[in-house]
Amino acid sequence: EFERKTYDDFRGHNIFFSVILSGLQRTFGYSLHIPETCLVAQGWRIEKGEFRSIRLASGHILVVRSLNIHQDSLDEKGEYRPLEALYLYWYVADNIVTPSRFNLNLWSSWDFLLHNHDRRWASITVMSPITQSTRVDGLNEARTRNMLQEFIGQVAPVIQKSEIPGSIAN
């Protein structure tokens, strides 16, 4: 199950927002795709990946995985143009929030092996193009990141049952 929506600030700056739920079968959360794998399969190149802390409107801190991605896309004239974007994601389950696929797998295995319980995970994604190279009034990376972090700060406390801060795995 999934839900996707694109938000527009009426100045042409868009935020793609997605929530994908893991399957109900015993898959240890594996029915959720690894964003780094899916993005590369879709033609994106990952330039940089890091963990980022975001202050939520509730006052909590959420740690997300942030990826700088790039691909060449065809414009309206049929010419290739570079497209850069920021892609931020994290995983949520009942009373657990993590930006780490390793932690998701660890929690899922622990729950299943010790408690015969399979948590239902959600993968939450927020993405926006960095438009400075494609528009005169475009946003640079810092302004795009700020826009996404403000969006997450407002939406995460509304959509997440729990606001337990994310943790970083080694």
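Residues numbered from 1 in each chain as written. Predicted model: local features only at pLDDT ≥ 70, side-chain atom pairs only at ≥ 80, totals over all residues. Heavy atoms only, no water.

A. Representation of the side chain of Thr125 within the structure. Of note, Thr125 is situated in strand S7 (residues 122–130). A relative accessible area of 4% places Thr125 in the buried class. Here Tyr87 takes part through its side chain, which lies 3.5 Å from a polar atom of the side chain of Thr125. Discounting residues that sit within four places of it in the chain, Thr125 has contacts with Phe16, Phe17, Ser18, Tyr87, Leu88 and Tyr89. (Helix = DSSP H or I, 4+ residues; strand = E, 2+ residues; numbered from the N terminus. Buried < 20%, exposed > 50% of the residue type's maximum accessible area, 1.4 Å probe, protein only. Polar contact = N/O pair within 3.5 Å; in protein donor to acceptor, adjacent residues only side chain to side chain. Contact = heavy atoms within 4.5 Å.)

B. Structural context of the pattern of salt bridges. Following the criterion strictly, the structure yields 7 salt bridges and no others. The salt bridge involving Asp9 is made with Arg11; its shortest N-O contact spans 3.2 Å. Judged by relative accessible area, which is 25%, Asp9 ranks as partly exposed. Ionic pairing is found between Arg145 and Glu141, a salt bridge with its closest N-O pair at 3.2 Å. Of this pair, Arg145 and Glu141 both sit in helix H3 (residues 141–159), 4 residues apart, roughly one helical turn. The exposure class assigned to Glu141 is partly exposed, which follows from its relative accessible area of 31%. Here the residues in one salt-bridge network are Lys48, Glu50 and Arg52, joined through shared partners. (Salt bridge = Lys/Arg side-chain N within 4 Å of Asp/Glu carboxyl O.)

C. Seen up close, the pairing of strand S3 (residues 45–55). Where S3 and strand S4 (residues 61–74) come together, 10 bridges link them in antiparallel fashion. Bridge pairing links Ile54 to Leu62 in S4. Linking two consecutive strands that pair antiparallel, namely S3 and S4, is a turn of 5 residues; a positive phi of about 100° is found at Gly59 within it. (Pairing = 2+ DSSP bridges.)

D. Region of interest: H3. With 19 residues, H3 ought to run about 27 Å at 1.5 Å a step, and its terminal C-alpha atoms sit 26 Å apart, in line with that. All of the buried residues in H3 are Thr144, Arg145, Met147, Leu148, Phe151, Ile152, Gly153, Val155, Ala156 and Pro157. You can read the cap of H3 off the contacts: a side-chain oxygen lies 3.2 Å from the backbone nitrogen of Ala142, and it is on Asn140. (Expected span 1.5 Å × (residues − 1).)

E. Up close: the packing of aromatic side chains. One pass over the full model with this rule turns up 5 aromatic pairs. An aromatic cluster of three or more residues is present, and its members are Tyr7, Phe17 and Phe151. Here the guanidinium or amino end of Lys5 rests over the ring plane of Tyr7, the centre of that ring lying 5.4 Å away. Taking NZ or CZ as reference, Arg65 lies 4.9 Å from the ring centre of Phe51, over its face. (Phe/Tyr/Trp six-rings, centres within 6.5 Å; stacked < 30°, edge-to-face > 60°. Lys NZ or Arg CZ within 6 Å of the ring centre and 35° of its normal.)

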